[in-house]
Structure formats: C-alpha cells, structure tokens
Amino acid sequence: MKILMASSEAVPFAKTGGLADAVSALSLALAARGHDVRIMLPRYYGIDTRDLRKLEGELGVPMGGGEEWCAVYSAVLPGSSKKNPVPVYFVDHEHFFGRDGIYGSSGETDFLDNPRRFTFFCRAVFQVCRKIRWTPDILHAHDWPAALAPVFLKFWERPLGPEGEFAKTASVLTVHNLGYQGIYGKENFFYTNLGWDVFYRAGFEDGNMMNFLKAGLYSADRLNTVSPTYARETQTQAQGFRLDGVLRYRSDHYTGILNGIDTKVWNPKTDRLIPQTYSVDNMAGKAAAKAALQKTFGLPVDADIPVFGMVTRLTGQKGVGELFGPAYGSAWSICRDMKVQLVLLGSGEAWCENEIKSLTSRLPNFRARIGYDEAGSHLIEAGSDFFLMPSRWEPCGLNQMYSLVYGALPVVRNTGGLADTVENYHQETGSGTGFLFDDLTPAAIYNTVGWAAWAWYNRRKHIEAMRARGMKRNFSWTESAKQYLAMYADACSMPNLVGQHNFVGPPNKVGL
Ligand code: ADP
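Rules used throughout
Residues numbered from 1 in each chain as written. Predicted model: local features only at pLDDT ≥ 70, side-chain atom pairs only at ≥ 80, totals over all residues. Heavy atoms only, no water. Buried < 20%, exposed > 50% of the residue type's maximum accessible area, 1.4 Å probe, protein only. Helix = DSSP H or I, 4+ residues; strand = E, 2+ residues; numbered from the N terminus. Pairing = 2+ DSSP bridges. Phe/Tyr/Trp six-rings, centres within 6.5 Å; stacked < 30°, edge-to-face > 60°. Contact = heavy atoms within 4.5 Å. Polar contact = N/O pair within 3.5 Å; in protein donor to acceptor, adjacent residues only side chain to side chain. Near = heavy atom within 4 Å. Areas by Shrake-Rupley, 256 points an atom, 1.4 Å probe, with all protein chains shown as cover. Nonpolar A, V, L, I, M, F, W, Y, C, P; charged D, E, K, R; others polar. Axes fitted to C-alpha atoms, helices over the stretch in contact; angles between N-to-C directions. Parallel < 35°, antiparallel > 145°, perpendicular 65-115°, else oblique. Left-handed = near helix turned anticlockwise from the far one by under 90°. Salt bridge = Lys/Arg side-chain N within 4 Å of Asp/Glu carboxyl O.

**Some thoughts on the pairing of strand S8 (residues 170-175)**
- Burial analysis of S8 places six of its six residues in the buried class, which makes it a mostly covered element.
- On S8, burial covers both faces: Ala 170, Val 172 and Thr 174 on one face and Ser 171, Leu 173 and Val 175 on the other are all buried.
- Note that strand S7 (residues 138-142) and S8 share five bridges and pair parallel. By the bridge assignment, Ile 138 is partnered in S8 with Ala 170.

**Comments concerning the packing of aromatic side chains**
- For the structure shown, the criterion picks out 32 aromatic pairs.
- When the ring of Trp 144 is compared with that of Phe 212, the centres are 5.5 Å apart and the planes differ by 85 degrees; the resulting orientation is edge-to-face. With Trp 144 in helix H4 (residues 143-146) and Phe 212 in helix H7 (residues 212-219), this pair connects stretches of sequence that are 68 residues apart.
- For Trp 144, a relative accessible area of 8% translates into the label buried.
- Assessed through its relative accessible area of 0%, Phe 212 is described here as buried.
- Between the aromatic rings of Tyr 484 and Tyr 488, the centroid separation amounts to 6.3 Å while the plane-to-plane angle is 45 degrees, which identifies the pairing as tilted. Of this pair, Tyr 484 and Tyr 488 are both found in helix H19 (residues 477-492), four residues apart, which corresponds to roughly one turn of the helix.
- The class for Tyr 488 is buried, based on a relative accessible area of 0%.
- Every member of this aromatic cluster is reached through a ring pair, and the members are Tyr 44, Phe 96, Phe 97, Tyr 103, Phe 118, Phe 120, Trp 144, Tyr 184 and Phe 212.

**As for the environment of Lys 131**
- Within the secondary structure, Lys 131 sits in helix H3 (residues 114-132).
- Take Lys 131: its relative accessible area is 26%, and that puts it in the partly exposed class.
- Apart from residues no more than four positions distant in its own chain, Lys 131 is found in contact with Leu 55, Glu 56, Gly 57, Glu 58, Leu 59 and Val 72.
- A distance of 2.5 Å separates a polar side-chain atom of Lys 131 from the backbone oxygen of Glu 56.

**Brief notes about the environment of Phe 96**
- Relative to the helices and strands, Phe 96 is located in helix H2 (residues 94-97).
- Between the alpha carbons of Phe 96 and Tyr 45 there is a distance of 9.8 Å; along the sequence they are 51 residues apart.
- Discounting chain neighbours no more than four positions away, the residues touching Phe 96 are Met 63, Glu 68, Arg 116, Arg 117 and Phe 120.

**Some details on unusual backbone geometry**
- Between Val 11 and Pro 12 the backbone carries a cis peptide bond, its omega angle lying at 0 degrees.
- For Arg 133, which is not glycine, the phi torsion reads 50 degrees and is therefore positive.
- Relative to the assigned elements, Arg 133 resides in the loop between H3 and S7.
- At Arg 242, a position not held by glycine, the phi torsion is positive, near 70 degrees.
- Among the structural elements, Arg 242 can be located in the loop between helix H8 (228-233) and helix H9 (244-249).
- By relative accessible area, Arg 242 is classed as partly exposed at 41%.

**Remarks on the site of the ligand**
- Neighbouring the ligand are 15 residues, the closest being Arg 313, Lys 318, Gly 371, Asp 373 and Leu 398.
- Between the ligand and Gly 371, the relevant distance is 2.7 Å, taken from a nitrogen atom to a main-chain nitrogen or oxygen of the residue.
- Asp 373 places a polar main-chain atom, nitrogen or oxygen, 3.0 Å from a nitrogen atom of the ligand.
- Here the ligand loses 87% of its free accessible area of 570 Å² to cover by the protein chains.
- Of all the secondary structure elements, the ones that give two or more residues to the shell around the ligand are strand S14 (307-314), strand S15 (341-348) and helix H15 (399-406).
- If you tally residues by element for the shell around the ligand, the top one is S14, at three residues.
- Its residues assigned to classes, the shell around the ligand comprises six nonpolar, six polar and three charged.

**Concerning the packing of helix H10 (residues 284-296) against helix H14 (residues 374-383)**
- Two numbers describe how H10 lies on H14: the axes approach to 8 Å, and their chain directions differ by 125 degrees. Our classification of the angle between H10 and H14 gives oblique. You can see that H10 and H14 cross each other, and the crossing is left-handed. From H10, Lys 286, Ala 289, Lys 290, Ala 292, Leu 293 and Thr 296 reach across to H14, where they touch Leu 379, Ile 380, Glu 381, Ala 382 and Gly 383.
- Here the contact of H10 with H14 is built from residues that sort into six nonpolar, two polar and three charged.

**Here we look at the sheet that holds strand S9 (residues 183-185)**
- With antiparallel pairing, the three strands of this open sheet are ordered in space as S9-S11-S10. Looking at strand neighbours, the two that pair on one side only are S9 and strand S10 (205-206), the edges of this open sheet.
- Looking at chain direction, S10 and strand S11 (residues 209-211) are connected through two bridges and run antiparallel. Of the residues in S11, the one forming a bridge with Asp 206 is Met 209.
- Packing against the sheet, H7 makes contact with S9, S10 and S11, and its axis sits at approximately 50 degrees to S11.

**Here's the deal with the packing of helix H17 (residues 442-458) against helix H18 (residues 460-471)**
- Two elements in contact, H17 and H18, have axes whose closest approach is 5 Å; the angle formed by their N-to-C orientations is 110 degrees. By the angle between their axes, H17 is roughly perpendicular relative to H18. Note on element contacts: H18 touches H17 through Arg 460, Ile 463 and Arg 467, opposite Ala 455, Trp 456 and Asn 458.
- Among the residues forming the contact of H17 with H18, the class breakdown is three nonpolar, one polar and two charged.

**Focus: the pattern of salt bridges**
- Tallied over the full model, the rule gives 22 salt bridges.
- Among the salt bridges present, the one from Arg 201 reaches Asp 197, with a minimum N-O distance of 3.1 Å. Residue Arg 201 and its partner Asp 197 are both found in helix H6 (residues 196-201); the two are separated by four residues, about one turn of the helix.
- Relative accessible area serves as the criterion here: at 43%, Asp 197 is assigned to the partly exposed category.
- The partner of Arg 467 in a salt bridge is Asp 385, with the nearest N and O atoms 2.8 Å apart. Here Arg 467 is found in helix H18, whereas its partner Asp 385 is found in the loop between H14 and strand S17 (386-389), with 82 residues between them in sequence. Exposure class is identical for Arg 467 and Asp 385. Each is buried.

And the structure:
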C-alpha cells in the first residue's frame, strides 16, 4: 500500500508532544511490513536545510485566489531500513514557516496566521505528490493542522473526476487530542479557494468561526482516535469538546486504535539512562533505581517506603488542580497522612509550579523537579513503585504504559487510554495491573493512593505479582500497525471512491 502521512510534527524533525512520536513510529512499523510510507511536514525554521536534499524546481500552491510558491526538500526518516526507507518531504515557505516555533512562540502562543499557514500546508501536500509523481492509496492526516487535507481531497481533487490523480485515494484522519481543533475567524476560509457552499457542506461552520478539525471529521473517509475508550468518550457531551455530535454522526466510521510505545527507548532491559538494567527475572536493578531516585531527589533512602512517581505536563488535563490546588488539593494530605514518598518531574502552568515549590518546602516526603528532563523521566519510571496519573481526559497516554513495563504500578483515573491499558486491582484474587478510580476529586485520589499504599504494606505478594504481569505486557507498534492497515483496507474498499463529493452532510450545527 502507498501511504502518505500528512502531519505538522514527526520526530526527530519537529516535536511538541506525543503526536510527533506516534507519526514516526507508526510510519516505521508500517514500512517494516513492506508498505511504501512517506511523510509530509512543513520545513520549520529549526530544521536545517543542510541536512536535507533539495528537489529540483519550485512548487506552485493555489491559495486565496492566487498561488504561493515554495521549495521542497527531502530526507529519510532515521530508523528506517535501507530496504524499506521512509522518505520525508518538507514544504519550505519562508513567509509561513521561516520563524521560531511550530504553532507559536514564547511571545505568541498561537500565531495569528496559523489558519493560513496550515491551509497552505494541506493544499501543498497534493502538489508535492504531483511533483514527485507519486499517488498514495491512503492519505493519512493527523490532528487539526493536517485536517484540511481530507477536505481538499474530497472537495477539490475528487471533483476532477476519474481522470484526476487522486480519484482512487482514500483518506483517514486521526485525532490525537480533541482539545485542539483549530478554530479561527471565518474570513480565513478565503485561503482555501473553496466555494462558500463547501464551507457548509464540509462542516467548517462553528458558530461564527471556522473549525479545521470539524471539517476534517466530516470529510475524511475513516476516522480514529488513539484508544477505544477515548473513541467512546468523545461521542459524549461531557468529553466531546462540542464535536460529540459530529463524531456520533460518523460513528460507523470512527474507531479507537491504541498507540504503541518505542520499545527501543523504553525498555528496562536495555535502558542506558538508569543506573542498572533489570527484567522481571532479575529485579536488582529496580531496587538500585529506587535508591538512586530517593538519593537524587533528597529523600531518605528506604526500600520499605513506597515511592509514588509523576512525570507530567502541569496542566488541567492532567488532574493537577485536584492534586495541587491550594487548600483543596490532595497531595498535601496524602503526604501528611501516609507513609509514602511522592516524587514529581514536570513543568507547565505557573500557579502549579509555585504551589509545588511551596509544598516541597513544607513536606519532608514530597520532592519535585520543575523542568523537562529526559533522563529524570526514565529514573522516575524505573525507581518508583507506583505511578500517579489522575488525568481529566487522556486520549492514549504513554506514561502509564512505560510504568507498566518498568514495574511501577499505575494509579490512574478510569478514562481514555488509561482505562484501556490498566486493569484494576482485585483485592481478593490479587488480579490486575494497577489502581483505578472514577471520579476526578481530591478525595478519590487520596483514597486510591491510600488503597495502593495499603496493598504495599499488607499485600506485598499481590504487588509483586501485579508488577510481573505489567512488565510482561507488550505495547509495541506492531499490533497498532495491523489495526491501522485494516482501517486503510476498509477505507480503500469503499465502492466508487469517485463521486463521494456528491455526499451532502446533515445540517452543520455544532453539537448536532
Ligand atoms: P501528553 O502527551 O498528554 O503530555 P503522554 O503521557 O502521552 O502525555 O506523554 C507525555 C510524554 O512526555 C512522556 O513521554 C513523558 O515522559 C514526557 N514528559 C512529560 N513531561 C516531562 C518532563 N517534565 N520531563 C521529561 N519528560 C516529560
């Protein structure tokens, strides 16, 4: 199969979050199975053109009644084999991408011209394919910045009829986080070159604004998100970010496929960032990591006290309000009442960073490092006995999977990918791989941490068995890649791909 990934991020070229890891890892897993996978990215200022190959000639991209000209560079995705290389194409446009930052900079969190920048990128995807004379069977777009690519396929390319290059291309849109939709003033619709009838037919309309992701959700042939539970939750009003109606409407073609993890980087048997490697049969390295973690963070080195670890962005999504909210957060009472140690690595909202700093000065068993630290995150996974992740919503979540394979039992909220990867402890039988709670309240976090600490002190055999169970879990991308291939095959098998543009959706009311 010829598969094109259209994305605003892919490691190692551009990353702000899990999207970048997922796009590259999925591409590599698909290529390893013999498919012709290629990635398309904007050429951000931070990507050095001296490491890239420039394709001959310039490229014209229809935009807003005129044309924008750009250059195209290429590289091979690191990690792909000689036999199945994954080419990456970069669209280079000085005015749109020749600046620091991907979506914004420190002075401007969301660039004012983002709708224009990413409309351009999505339109350029087709022009690059024409330039390299390569037509994908599947156009796989990721998140709102690439969501207009399926729209252009349906409302621009397919209407060219059976002779058009993309007449047989099917599209897939993956939602990595429904919280980000790309909502902008509708005057920006001008840049798409699409008619105003398409504004309504493609579902761009969002109140008096235009919504990139919503148009993509209406227009792509198949949709998915990154865990089965999150796919169900996003179809409810509570978790649907106002797009639950659209997702319910598309529910026949909307699934959840769990992300994998990078098993080369996150594997306690080979990890070079921890003091000593370990495995389920030889746990000496885990004890060494726990001692190192306690020492590094300035806590008493004591193998008998359970260590609860956290590595997180300090933002509302991650449940930090319920943990660290001044006066009501449960972290303070957990550390005051229980014989446990709490270790945190994270950065984010200023109020939360300040609150954490103030708590560490008042609690002898809570230590934190504010910042981003790759090695620190490995040490916390390896050295902790439990891993705390009380997320409000979690499309997939990586840290709980790392925790399972590193033998740190996840204490997590029963939501999204957390619900799909962690099995709740059963006190009678000892089954399970972690501790789950439903309500996001300080009391629920307090009680569940207390439950885990109780099991640590009173049911150590259960803890050890759960640990072994978790460490044997396999979260590689191979399984996810198989599910994506099944979705691609399903998308390609649609009768009469050409003519799909005649489809007229329901009235485009938000929250339908
Ligand atoms: P999200 O993508 O919503 O932040 P995930 O659990 O899916 O949450 O992935 C977060 C990733 O970022 C993990 O790999 C985690 O280890 C890493 N991470 C988050 N904060 C930090 C930090 N302060 N230092 C090091 N790594 C971090």
